[in-house]
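So the chains spell out like this:
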Amino acid sequence: MPTLKRLAKTKSFWILLGLTIFLCLFYSEAKKDRREVAKLTSGEVELCITCHQEVVPEKVHEKKVVGCSSCHLGNPYTLDFKEAHKNIVKNPGDLRYVNLTCGQLGCHPTEISKVKNSLMATNHGMIKRVLEVFEEKEVLSLYPKLSVSQLYHREVYHKTRNSLGLDYYRKLCGSCHLWLEKGKLPYFLKEKGGGCSACHLVKEEDESLNSSRKTHPKLVRYPPMENCVRCHNRSGRIGFTYQGLYENEQGGVGDEVWVDGRWLDRVSPDIHFQKGLKCVDCHTKEEVMGDGNFYYSLHEALEIECQTCHGGDGTTKKGRKLKNFQKKGTQAYLEIKGSEKLLLIKKSVRACSLSYHKRLTCVSCHAKHMPDCYGCHIKYDPRDTHLDKILAKETKGLWIEHESYRRLALPTLAVEDNQRVVTVTPG
Amino acid sequence: MRFFSFSTSPKLNLFIANLCLISLIISILSGIVVSYHYFYTEPLYSVIQLESSVPFGRFFRSLHYFSSQLALISTFFHLLDSFYRGWHHKKIFVAWLFLVLSFIVLIFVTFTGYVIRFDEVGKLAGSIAENLCLSIPYVGEALRDLLFPISKGGLYRVYLAHIYGSFLLAIGLFVWHASIKRVLSLKYAPYLYLNLILPFIFYVPLESEKGKTVVTGPWFFWGAQGLLKFLPPLGVLFLAVFWLVLLGFKPARKFSPWIGGALILWLLVYFIFSLIIYRDAHT
């Protein structure tokens, strides 16, 4: 201390210190990489694009228009690596913070609350059905609108931890919902979930676009069928049947292997698929992304029927007009979304209007085949472990599904509510 | 505190007083350098340009930032110190009034400093200030037009207020406290270096509100923000009490422990509300 005090009283000490500081400053300035300040087309400053040269292969979210920070957050006002990447999000579509990204003012604010209430985000129909099968209605009385987002809450987890039904759901069904964090689960499951990105994100395969630069995944307005089938390939297996695939009895033979290892046979596809229609060409935005209402089952949420187009004027049973339905004279057409291609809609034939066919739904005659699995049963082994898709870790209790045999046959018919004849499938 | 054995006053804490003096001078001088590259028509762009392209620009901006913060904090403690030790009795009321007012001016200048850089925090702080002015009955609109007419005419007046406020402070400083000759003395070197070293160690980038659910103003306003948010009518009164106490304290001869306790309580409440706002903004 006395030495420091003595030094502090000398001019040369302070001059030397000043020189040292100046030299340090000069050195850091000389090393500094000077770059031009980047601006978006709106005039806003966005320094992210100074470093990030990734190509965004679409116009709406083009880098020069929205920049990076509008979606991925972070700090666009600095070139300091650590500061710039603070609070950054990899997947802006994740429903946990989508209000700050896709749902921010000026982008898609109205869609977000609807999506969060949609069945793909709540999974309420599935959860409710599983709990009913397991005869655990007390869970439903505790949480009448139980949705998958609640299963992530610690309080709900502790209150329902003894529910076998929810354990089953968490382990066998918990990877097919929008609240799932994309990339959190292993293997093929890492492609699932991700909120908005689950449907609207497409990995750009075209390397020739610019081989020297990384390519940003593409965001699409109309989700391709592959994104829908990523989840809709179990239970009724509509995603497979529609495109002419049949999940066979798994003897190690088949025409194709699905990402999860299931063997598939090629069969004749649905006529709509043959004509080039994707899922979203028929299913409306409100059906898929929700219309704001909380629905208890898929039946409540669905609104299109065959008659909406075939013989109808493009109005769904909820009174919404299909945007891609067009009428020219006496002919009706359906436009394939994202292209300008018009498909002629077949009118219903005379047989459809015969009085003794009145109770038949269209599919009861027109569905070619339907996969049926018979003798389905599940086994629970409390000693073993199974991946809990909500907690993203192995927990005690293994669920094993069994079936006696499987057939691709003409669909089984049943009478719904003592009114209409419909097709049904076990499984 | 008396780390350096320079001439000391038996009463006032000279570390705080000197730090306050030197920081303010550095803040004003670095402000002159920074203002040379600043354009109120393109505020954010010019500030970022200053940081990324102008030689030593980032250093000067950081220096301006840290010296201003140090000036604000040390002036606050200098005020409390003078108050606690009864120095206000050695001055005439006008001098005391100016000291209290100069702190208000310093807060205002620091605040306008945040606004004129026009990053997201600045933009929102400016918008809040404008609306707060407008919410004042009778004089609100005139006050807004005088200080924060951002939505009407951009940042020009705010920038002028920042510059004029700084000159006012500089005049006040040299009239009441120090001469230029005194400032050049070697004994102020430690305070100068303290100001110079901080920009080397820390970097304070322009702030973005992206990813935050609660918009916050500059750190010294967090408490006020919390009080106005959670206790709207009482909060205004609570904030006014501090200044009323300081201004109205001149007649009292002795520092009453009651008043001291009330001030500590006030600061504690302000600090707690600052923490609440910080927590809300970072969760």
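Cut-offs used in this document
Residues numbered from 1 in each chain as written. Chains lettered and ligands numbered in written order. Predicted model: local features only at pLDDT ≥ 70, side-chain atom pairs only at ≥ 80, totals over all residues. Heavy atoms only, no water. Helix = DSSP H or I, 4+ residues; strand = E, 2+ residues; numbered from the N terminus. Buried < 20%, exposed > 50% of the residue type's maximum accessible area, 1.4 Å probe, protein only. Contact = heavy atoms within 4.5 Å. Buried area = accessible area lost by both parts, 1.4 Å probe. Salt bridge = Lys/Arg side-chain N within 4 Å of Asp/Glu carboxyl O. Polar contact = N/O pair within 3.5 Å; in protein donor to acceptor, adjacent residues only side chain to side chain. Axes fitted to C-alpha atoms, helices over the stretch in contact; angles between N-to-C directions. Pairing = 2+ DSSP bridges. Core = buried A, V, L, I, M, F, W, Y, C linked by side-chain atoms within 4.5 Å. Domains from an automatic or database assignment. Phe/Tyr/Trp six-rings, centres within 6.5 Å; stacked < 30°, edge-to-face > 60°.

1. Some points on the overall build of chain B
Link 1 in the chain: Helix and strand counts for chain B stand at 13 helices and 0 strands.
Link 2 in the chain: Mapped in sequence order, the helices and strands of chain B form the string α-α-α-α-α-α-α-α-α-α-α-α-α.
Link 3 in the chain: Taken over 283 residues, chain B has a buried fraction of 51%.
Link 4 in the chain: Considering only residue pairs separated by 6 or more positions, chain B has 75% of its internal contacts joining residues 24 or more positions apart.

2. Quick word on the interface of chain A and chain B
Interface size is commonly expressed as the accessible surface area that is lost when the partners come together.
Link 1 in the chain: Between chain A and chain B, the residue contacts involve 36 residues of the former and 34 residues of the latter.
Link 2 in the chain: Overall, the association of chain A and chain B removes approximately 3100 Å² of surface from exposure, summing both partners, and the carbon and sulfur fraction of that is 68%.
Link 3 in the chain: Among the residues chain A hides against chain B, the three largest losses belong to Trp14(A), Ile21(A) and Tyr77(A). Together they make up 23% of the total.
Link 4 in the chain: Connecting chain A to chain B are 2 salt bridges.
Link 5 in the chain: The interface formed by chain A and chain B holds 8 residue pairs in polar contact (both at pLDDT 80 or more) in total.
Link 6 in the chain: Breaking the side of chain A that touches chain B down by element, the ones donating at least two residues are α1 (2–8), α2 (11–31) and α5 (69–72) of chain A.

3. Some details on the packing of helix α11 (residues 222–230) of chain B against helix α12 (residues 232–247) of chain B
Link 1 in the chain: Closest axis-to-axis distance for the α11(B)/α12(B) pair is 5 Å, and the angle between their directions is 145°. Contacts between α11(B) and α12(B) involve Ala224(B), Leu227(B), Leu228(B), Lys229(B) and Phe230(B) from the former and Pro232(B), Gly235(B), Val236(B), Phe238(B) and Leu239(B) from the latter.

4. Focus: the pairing of strand β7 (residues 331–335) of chain A
All names here are of chain A.
Link 1 in the chain: Of the two faces of β7, the one holding Ala-332 and Leu-334 is buried and the one holding Gln-331, Tyr-333 and Glu-335 is not buried anywhere.
Link 2 in the chain: Relative to β7, strand β6 (residues 325–328) runs antiparallel, the two being bridged by 4 bridges. Within β7, the position partnered with Phe-325 by the bridge is Leu-334.
Link 3 in the chain: Adjacent in sequence and paired antiparallel, β6 and β7 are bridged by 2 residues, among which Gly-329 carries a positive phi angle near 70°.
Link 4 in the chain: Pairing between β7 and strand β8 (residues 342–344): 3 bridges, direction antiparallel.

5. A look at the nonpolar core
Grouped burial of nonpolar side chains is what soluble globular proteins tend to show.
Link 1 in the chain: Judged by nonpolar contacts, the single largest core of 76 residues is most densely connected at Ile48(B) and Phe148(B).
Link 2 in the chain: Those residues in contact with Ile48(B), other than ones at most four positions away along the chain, are Val37(A), Val45(A), Leu47(A), Tyr77(A) and Leu206(B).
Link 3 in the chain: Val130(A), Leu131(A), Tyr143(A) and Ala198(A) belong to the second-largest nonpolar core, a separate cluster that totals 27 residues.

6. Here we look at the domain arrangement of chain B
Residues and elements named next belong to chain B.
Link 1 in the chain: For chain B, the assigned domains are domain 1 (14–209) and domain 2 (211–283).
Link 2 in the chain: If you average the C-alpha positions of domain 1 and of domain 2, the two centres end up 20 Å apart.
Link 3 in the chain: Across the domain 1 to domain 2 interface the summed buried area is about 2300 Å²; carbon plus sulfur atoms make up 76%.
Link 4 in the chain: At the boundary of domain 1 and domain 2, one finds 1 residue pair in polar contact (both at pLDDT 80 or more).

7. Observations regarding the domain arrangement of chain A
Link 1 in the chain: For chain A, the domain assignment lists domain 1 (2–31) and domain 2 (279–366).
Link 2 in the chain: Inter-centroid distance (C-alpha atoms) of domain 1 of chain A to domain 2 of chain A is 80 Å.

8. What to know about the packing of aromatic side chains
Residues and elements named next belong to chain B.
Link 1 in the chain: Under the counting rule described, the total for this entry stands at 34 aromatic pairs over all chains.
Link 2 in the chain: With centroids separated by 5.0 Å and ring planes inclined at 85°, the aromatic side chains of Phe-111 and Phe-221 adopt a geometry described as edge-to-face. With Phe-111 in helix α4 (residues 93–117) and Phe-221 in the loop between α10 (189–201) and α11, this residue pair connects regions lying 110 residues apart in the sequence.
Link 3 in the chain: The class of Phe-111 is buried, set by a relative accessible area of 10%.

9. Examining unusual backbone geometry
Most peptide bonds take the trans form, and the phi angle of most residues other than glycine is negative.
Residues and elements named next belong to chain A.
Link 1 in the chain: Phi at Glu-135 is positive, roughly 50°, even though this residue is not glycine.
Link 2 in the chain: Mapping Glu-135 onto the fold places it in the loop between α9 (124–133) and α10 (137–142).
Link 3 in the chain: Although it is not a glycine, Gln-250 adopts a positive phi angle of roughly 60°.

10. Comments concerning the environment of His369(A)
Residues and elements named next belong to chain A.
Link 1 in the chain: Here His-369 shows up in the loop between α22 (362–366) and β9 (370–374).
Link 2 in the chain: Residue His-369 is classed as buried on the basis of its relative accessible area of 16%.
Link 3 in the chain: Sequence separation between His-369 and Lys-396 is 27 residues; the distance between their C-alpha atoms is 39 Å.
Link 4 in the chain: Separated by 3.2 Å, the side chain of His-369 and the backbone oxygen of Ser-268 make a polar contact.

11. Describing the sheet that holds strand β5 (residues 263–266) of chain A
All names here are of chain A.
Link 1 in the chain: Read from one edge of the open sheet, 3 strands run β3-β5-β4, paired in antiparallel fashion. Every other strand in the sheet has two partners, leaving β3 (245–247) and β4 (256–257) as the edge strands with one partner each.
Link 2 in the chain: Two strands pair when backbone bridges link them, and β3 and β5 are joined in this way by 3 bridges, in the antiparallel orientation. The residue of β5 that forms the bridge with Glu-247 is Leu-264.

12. Some details on the pattern of salt bridges
Close approach of charged atoms lets side chains of opposite charge pair.
Residues and elements named next belong to chain B.
Link 1 in the chain: Here the structure, examined in full by the defined rule, presents 34 salt bridges over all chains.
Link 2 in the chain: The partner of Glu-130 in a salt bridge is Arg-144, with the nearest N and O atoms 2.9 Å apart. With Glu-130 in helix α5 (residues 120–134) and Arg-144 in helix α6 (residues 140–147), the pair connects residues that are 14 residues apart, well separated along the chain.
Link 3 in the chain: The exposure class of Glu-130 is buried, given its relative accessible area of 6%.
Link 4 in the chain: On the basis of relative accessible area, Arg-144 is assigned to the buried category, the value being 9%.

13. Here's the deal with helix α13 (residues 164–173) of chain A
Residue and element names in this part refer to chain A.
Link 1 in the chain: Among the 10 residues that make up α13, 8 are buried, leaving the element largely enclosed by the rest of the structure.
Link 2 in the chain: Restricting attention to buried positions, one finds in α13 the residues Gly-165, Leu-166, Asp-167, Tyr-168, Tyr-169, Arg-170, Lys-171 and Cys-173.
Link 3 in the chain: Looking at the buried residues of α13, the elements they touch are α9, α10, α11 (148–151), α12 (154–159), β10 (377–388) and β11 (393–402).
Link 4 in the chain: You can read the cap of α13 off the contacts: a side-chain oxygen lies 3.5 Å from the backbone nitrogen of Gly-165, and it is on Ser-163.

14. Details of the sheet that holds β7(A)
Residues and elements named next belong to chain A.
Link 1 in the chain: In spatial order, the strands read β6-β7-β8; together these 3 strands make up an open sheet with antiparallel pairing. Every other strand in the sheet has two partners, leaving β6 and β8 as the edge strands with one partner each. Each strand of the sheet is rotated relative to its neighbour by a mean of 35°, with strand direction disregarded.

15. Some details on the pairing of β9(A)
Residue and element names in this part refer to chain A.
Link 1 in the chain: The element β9 is extensively covered by neighbouring structure, given that 4 of its 5 residues are classed as buried.
Link 2 in the chain: Alignment of β9 against strand β12 (residues 405–409), held across 5 bridges, turns out to be antiparallel. Bridge pairing in β12 links Pro-371 to Leu-408.

16. Quick look at the side chain of Ser74(B)
Residues and elements named next belong to chain B.
Link 1 in the chain: Structurally, the position occupied by Ser-74 is in helix α3 (residues 57–84).
Link 2 in the chain: On the accessibility criterion, Ser-74 (4% relative accessible area) is buried.
Link 3 in the chain: Reaching out from Ser-74, the side chain makes a polar contact with the backbone oxygen of Ala-71 at a distance of 3.3 Å.
Link 4 in the chain: Not counting residues within four places of it along the chain, the set of residues in contact with Ser-74 comprises Ile-16, Leu-19 and Cys-20.

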